[in-house]
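Descriptive analysis of the structure
So you can see what is in the structure, the chains are spelled out below.
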Amino acid sequence: MMRFVLSTIMIAALGAFAEHIFAWWSIAVVAFLMSFLFNLKPWLSFSSGFIAIAGFWLFVIIRADTANDHILSQRMAMLIHLPNYTIFILVNILIGALVGGLGAWSGCFVRRII
Amino acid sequence: MRAIRAIVVCLLTFSIIYFLDNSIGSLPPLGKLLDPMNGCWVNAEPVNKNFSFKDEITSHFDEDSITFNTIKVWYDDRMVPHVHTTNDHDLYFIQGFIHVYFRLWQMDMQTRAAAGRVSEVVGDKALVFDRTQRRKGMVFAAENSLRVMEADPRTKKMLDAYTSGVNHYIAYLRYRDYPLEYKLMGFKPEPWTNLKTALLMKYMADDLTGYTEDIALTYLRDMLTPEEFITFFPPSDPNSNPVIPKGTVFEPALQQMPTVPNGDIWAHFKPTDFEAEKKEDGKGSNNWAVSGNHTQSGAPILCNDPHLGLNLPSLWFEIQLSAPGINVYGVSLLGAPGVVIGFNENISWGLTNNYRDVKDFYAIKTVNGKNNSYWFDGKEIDFTKRIEEIRIKSKPPFIDTVNYTIHGPVMYDAHFKGPKGLSTPLAMCWMAHRGTNELLSLYLVNRAKNYIDFTDGIQYFECPAQNMIYADKEGNIAIWGQGQFINKWKDQGRFVMNGATSATLWGKDIRMDENPHCLNPMQGYIASANQCVTDSTYPYWYNGYFKEYRSWRINNVLRGADSSHLFTVQDMFALQNDEYSVLAQNSLPYMLNGLKGQMTEDEKKYADLLKSWDYKLSAESIAASVYQIWWELFYRDYWNQKLHNVPDNIKPTYEVTTRQLQNDTLSNDVKIKSFKEAVDSIVKLDKTVGSQWYQVKNTSIKHLTKLPAFSYPGLKIGGWGTVVNAVKSDHGPSWRMVVQMTKDIEAYGVYPGGQSGNPGSKYYGNSIQNWVEGKYYRLLFLPNSDKQNSDKIKYTWILNP
């Protein structure tokens, strides 16, 4: 359990750092590496990556969206034909979380071959 | 087994990342866009953002050899920048910087559109548009103007400073800083150039002088009898209240009017030679000035509302520019230095489109029907070929060769818009192709202290021709129908001319100081609303695309001043928002007269509604909807019958139509048929979107991409192109301004948008509601000083060298 929590925190923290400097998909690389290091069970690996990125993105997005009075999120929701900004934010976070989860899952399976 | 599992999961991860990192079809690269650190969320501007800063943006200027003195910018609560600098260079440098800070993507797209480079970023759906721009010679025209603008030291300095200001912002942008539209469309900003400013000026020239009826009039003249033609298409309206009031005495002309040449001077062709182009209704504008004798304050009041495309980001950007020798407030065009419409400490000015025809066509006779040379005065002349390479997103480029003749570029030929194999290519001769320096006019007018300075300044404003209204603190009001015009023989350029003879070439320029103008007329006011410029006493011949209805209304109202009623700025607000339709007043009684015979319940109901209508096109009026639909249908049917079903792209004016309606007794069938159709439409509308006038006309302010998510549809506002408040579906008053020339200038304004171009900013569309309701903002005009203590100032930029 400790390793799971630590892995999640590391992915979120290093993911934030990487995303600030590198391309957005560096979150997947970070998740891959952390999962490779921590060597959790596959489904725990996936969850760790998923939760880490979901949490990190949720934090950044909620902060930006609140400060913006939802002006942008409402427009973006309409743009991609979603009923409201909450759903847009959920979809947005889901995409990031999925990439984080898959990155971690990949790392875990690659570790298992070696 | 484990290896396969690992490979499958890795491949899945890779492909999902690849899919999210690239644009698929019309979808933007979603991963990049939704990345909260760099994507769209960066464009979610905090509503309480503190825009103030000191020196932050200047830190990176040091690396370049930019030198400037301290620049100060104060922003008021609507984010209007009030700039103060110590010299002209810094003034236009910071104007460029501010423009691009708020409107980068718009500046990029407008100049791309001007240059015919839209396909580069949106793909081949814009190819026909791009080809049209190239064939019009837009880039050729801009290059010509650039040479002239760079030859004058004042405008050269303006352009260089502006461009450097724009580029100092662009150079330091990272993906995360890009405007949202770049992230959605997947392209990057490119450096600004002086040519782009020239392109923008030509974009406006095209918008305002691009309209033409020459081709349609050419075949209509051949199809109709001479009597019919002169009745339906008179060169000007006999009942016009011209821009220059009747009775104004014109100086004798310096040149004689040329006589109509003998011989074969006209071209002839059939309507089917062309793809019928959709007739774009003329854009309009109003301006007027009332002398101090007719105002309560005793000072003149100047008003202007240019009617242009209603888009977001807005066409205009409000700004105050002050430096030694200049303190001017008004609206600027994104991509050009200076203020276009506004006021300074001494004068105010405004613009409406002049609509004299400065765009003519010549039929070209190619040698042996080939594409290499053409006949001119019996000699073979080679076309000058200009190769236009149009780059297209994710496709190989399209190469178009445009043939240039002595008249100008060949716009239409068998390869473009001549589907039935147009045998005679048409070349275009257009004032906008000339190298001109309107920017110099803005430079001088922005600094003008009096009427002499103003008239000196506007001598450089050649194209697009504008009715320039003027008022000053000394109490003068004036107007100039200003632009560069040609001394034409009667009807020259009204129809397509034979391009194989020098007899039809454009003649000499009319000297700019001979343009129609008047100063302090007896009537105590001056008004222009795209009506005919002068009466027939003006000594030069011209034609144009004039509209009278708004002018009739404005003249009626402004004539109403007397000692018991002197005008106030509130009266001016009311007039700019006036919805009274003189067209309805002139036509509806005659239309109702024709309604004979059996009527259904609905028809009776709506006929009664029309009988008690006040002729106002107000937002909630149902009668207005019935009338407008009926009028459109009647107009279409009447002329289809009269003109023997010629293609739908040109019809006589509304002014001619109402005269016909008043005198022609044969049109009862048309009246009844169109009324029944109109009632059917209204009944249907009533069951769907609603039948109130604003619901029917659906005024929408659309983002330049037309994305509904960034647009404001269905605004509850009345008006139409025929009334003073000329709010149509997508065109209308793009800036309403009222300036009272009292000692402390009292100025008001509003435009349908906001200062920011960012759809994620609260300043994106913050003025729209007030514009809809006809409300104005008092404009903050700061003194020319490097210290300010107004409590209206919200944010401050201080840029130290």
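Residues numbered from 1 in each chain as written. Chains lettered and ligands numbered in written order. Predicted model: local features only at pLDDT ≥ 70, side-chain atom pairs only at ≥ 80, totals over all residues.

1. Comments concerning the overall build of chain A
Applied cut-off: A run of DSSP states H or I qualifies as a helix once it reaches four residues; a run of E qualifies as a strand once it reaches two. Both are numbered from the N-terminal end. Here exposure depends only on C-beta density: within 10 Å of a residue's C-beta, 20 or more other C-beta atoms make it buried, 12 or fewer make it exposed, and intermediate numbers make it partly exposed, the C-beta atoms being placed from the backbone. A residue pair is marked as a contact if its C-beta atoms, positioned from the backbone, fall within 7 Å.
Each helix and strand in chain A was counted, giving five helices and zero strands. Along its sequence from the N terminus, chain A presents helices and strands in the succession α-α-α-α-α. Over its C-alpha atoms, taken along the principal directions, chain A stretches across nearly 50 × 25 × 25 Å. Per-residue burial over chain A gives 49% buried out of 114 residues. Counting contacts in chain A only where the partners sit at least 6 residues apart, residues at least 24 apart contribute 73% of the total.

2. Observations concerning the overall build of chain B
Threshold: Restricting the calculation to C-alpha atoms gives the radius of gyration, and the globule rule supplies 2.2 Å times the number of residues raised to the power 0.38.
Along its length, chain B carries 22 helices and 29 strands. The C-alpha atoms of chain B give 28 Å as radius of gyration, which agrees with the globular expectation for 801 residues (28 Å, within 12%). In terms of overall dimensions, chain B has a C-alpha envelope of 85 × 75 × 65 Å along the principal axes. Taking all 801 residues of chain B together, the buried fraction comes to 51%. When contacts within chain B are restricted to residue pairs at least 6 apart in sequence, those whose partners lie at least 24 apart make up 72%.

3. Quick notes on the packing of helix α7 (residues 153-170) of chain B against helix α12 (residues 438-447) of chain B
Packed helices, taken two at a time, are described by the angle their axes make and the gap between the axes. All names here are of chain B. Just so we agree on the cut-off: Helix axes are fitted to C-alpha atoms over the stretch in contact, other axes to C-alpha atoms as well, and angles between N-to-C directions run from 0 to 180 degrees. Angular relationships are summarised with four words: roughly parallel below 35 degrees, roughly antiparallel beyond 145, roughly perpendicular across 65 to 115, and oblique for the angles in between. Under the scheme applied here, ten amino acids are nonpolar (Ala, Val, Leu, Ile, Met, Phe, Trp, Tyr, Cys and Pro), four are charged (Asp, Glu, Lys and Arg), and all others, including Gly, are polar.
In the contact formed by α7 and α12, the axes pass within 9 Å of each other and the chain directions differ by 95°. Considering their axes alone, α7 and α12 lie roughly perpendicular with respect to each other. Contacts from Arg154, Thr155 and Met158 in α7 reach Leu439, Leu440 and Tyr443 in α12. Looking at the contact of α7 with α12, its residues break down into four nonpolar, one polar and one charged.

4. Brief notes about the sheet that holds strand β23 (residues 699-703) of chain B
Residues and elements named next belong to chain B. The line we're drawing: Strand pairing is defined by DSSP finding a minimum of two bridges between the two strands.
Pairing in this open sheet of three strands is mixed, and the strands run β6-β23-β24 from one edge to the other. The two strands at the open ends of the sheet, each matched to only one other strand, are β6 (311-312) and β24 (712-715). As defined by bridge partners, β23 adjoins β24 across two bridges and the pair is classed as antiparallel. By the bridge assignment for β24, isoleucine 701 is matched with tyrosine 712.

5. Brief notes about the confidence of the model for chain B
Our working rule: The quantity called pLDDT is the predictor's confidence in a given residue, expressed from 0 to 100.
Looking at chain B, pLDDT values average 92 and 96% of them are 70 or higher. For this predicted complex, the interface score ipTM comes out at 0.95, alongside a pTM of 0.94.

6. A short note on helix α1 (residues 2-21) of chain A
Residues and elements named next belong to chain A. This is how it is decided: How far a helix is expected to stretch is found by multiplying one less than its residue total by 1.5 Å.
For α1, with 20 residues, the first-to-last C-alpha span of 29 Å sits near the 28 Å given by 1.5 Å per residue. Taken together, the buried positions of α1 are occupied by Ser7, Thr8, Ile11, Ala12, Gly15, Ala18 and Glu19. Residues of α1 that are buried in the fold lie against α2 (26-38), α3 (42-67) and α5 (85-113).

7. Re the pairing of strand β29 (residues 793-799) of chain B
Residues and elements named next belong to chain B. Two strands pair when backbone bridges link them, and strand β1 (residues 53-54) and β29 are joined in this way by two bridges, in the parallel orientation. Looking across to β29, one finds that phenylalanine 53 is bridged to tryptophan 797. Two elements, strand β2 (residues 71-76) and β29, share six bridges in a ladder whose sense is antiparallel. Residue pairing across strands places tyrosine 75 opposite tyrosine 795, the latter belonging to β29.

8. Topic: the domain arrangement of chain B
Just so we agree on the cut-off: Each domain's extent is set by a domain assignment, obtained either automatically or from a database.
Domain boundaries in chain B define domain 1 (1-34) and domain 2 (582-697). Distance between the C-alpha centres of domain 1 of chain B and domain 2 of chain B: 59 Å.

9. Regarding the environment of Gly732(B)
All names here are of chain B. Examined against the element boundaries, glycine 732 turns out to sit in strand β25 (residues 731-733). Sequence separation between glycine 732 and asparagine 144 is 588 residues; the distance between their C-alpha atoms is 31 Å. Residues in contact with glycine 732, not counting those within four places in the same chain, are His307, Leu310, Thr699, Ala726 and Val727.

10. Structural notes on the environment of Lys547(B)
Mapped onto the elements, Lys547(B) comes out in the loop between β22 (525-528) and α14 (549-558). Residues Lys547(B) and Gly721(B), 174 residues apart in the sequence, show an inter-C-alpha distance of 9.8 Å.

11. Quick notes on unusual backbone geometry
All names here are of chain B. Here the amide bond leading from leucine 312 into proline 313 is cis, since omega sits at -10°, within 30 degrees of zero. Tracing the backbone shows proline 313 in the loop between β6 and β7 (316-323). Residue proline 464 is reached from cysteine 463 by a cis peptide bond, and omega for that bond is 5°. Following the sequence through the fold, proline 464 ends up in the loop between α13 (451-458) and β18 (466-472). Although it is not a glycine, serine 394 adopts a positive phi angle of roughly 50°. Here serine 394 lies in the loop between β14 (384-392) and β15 (395-404). Its identity is not glycine, yet aspartate 491 carries a phi of approximately 75°, on the positive side. With respect to the secondary-structure elements, aspartate 491 resides in the loop between β19 (477-482) and β20 (497-498).

12. Some words on the sheet that holds strand β16 (residues 410-412) of chain B
Residues and elements named next belong to chain B. One open sheet accounts for four strands, arranged β16-β17-β11-β20; its pairing is mixed. In this open sheet, the two edge strands, each paired with only one partner strand, are β16 and β20. Of the strand pairs in this sheet, strand β11 (residues 359-363) and strand β17 (residues 426-430) are connected by five bridges, and their pairing is antiparallel. For phenylalanine 361, the partnering residue across the bridge sits in β17 and is methionine 428.

13. Some details on the interface of chain A and chain B
Tallying the contact residues gives 30 residues for chain A and 34 residues for chain B. Breaking the side of chain A that touches chain B down by element, the ones donating at least two residues are α1, α3, α4 (71-79) and α5 of chain A. Here the element with the most residues in the side of chain A that touches chain B is α5(A); it accounts for 11 residues. Looking at side-chain class alone, the side of chain A that touches chain B contains 20 nonpolar, five polar and five charged residues.

14. Some words on the pairing of β23(B)
Residues and elements named next belong to chain B. Going residue by residue along β23, you find Thr699, Ile701 and His703 tucked away on one face and Ser700 and Lys702 left uncovered on the opposite face. Pairing of β6 with β23 involves two bridges; the strand directions are parallel. When the bridges of β23 are listed, leucine 312 appears paired with histidine 703.

15. Some remarks on the packing of helix α16 (residues 582-593) of chain B against helix α19 (residues 654-663) of chain B
Residues and elements named next belong to chain B. The test is simple: The handedness criterion is simple: a crossing whose near helix is rotated anticlockwise from the far helix by less than a right angle is left-handed, and one whose near helix is rotated clockwise is right-handed.
The geometry of α16 relative to α19 is characterised by a closest axis approach of 9 Å and an angle of 30° between their N-to-C directions. The angle between α16 and α19 places the two elements in the roughly parallel class. Considering the relative orientation of α16 and α19, their crossing is left-handed. Where α16 approaches α19, its residues Leu583, Asn586, Ser587 and Tyr590 are matched on the opposing element by Tyr654, Thr658, Leu661 and Gln662. By residue class, the composition of the contact of α16 with α19 is four nonpolar, four polar and no charged.

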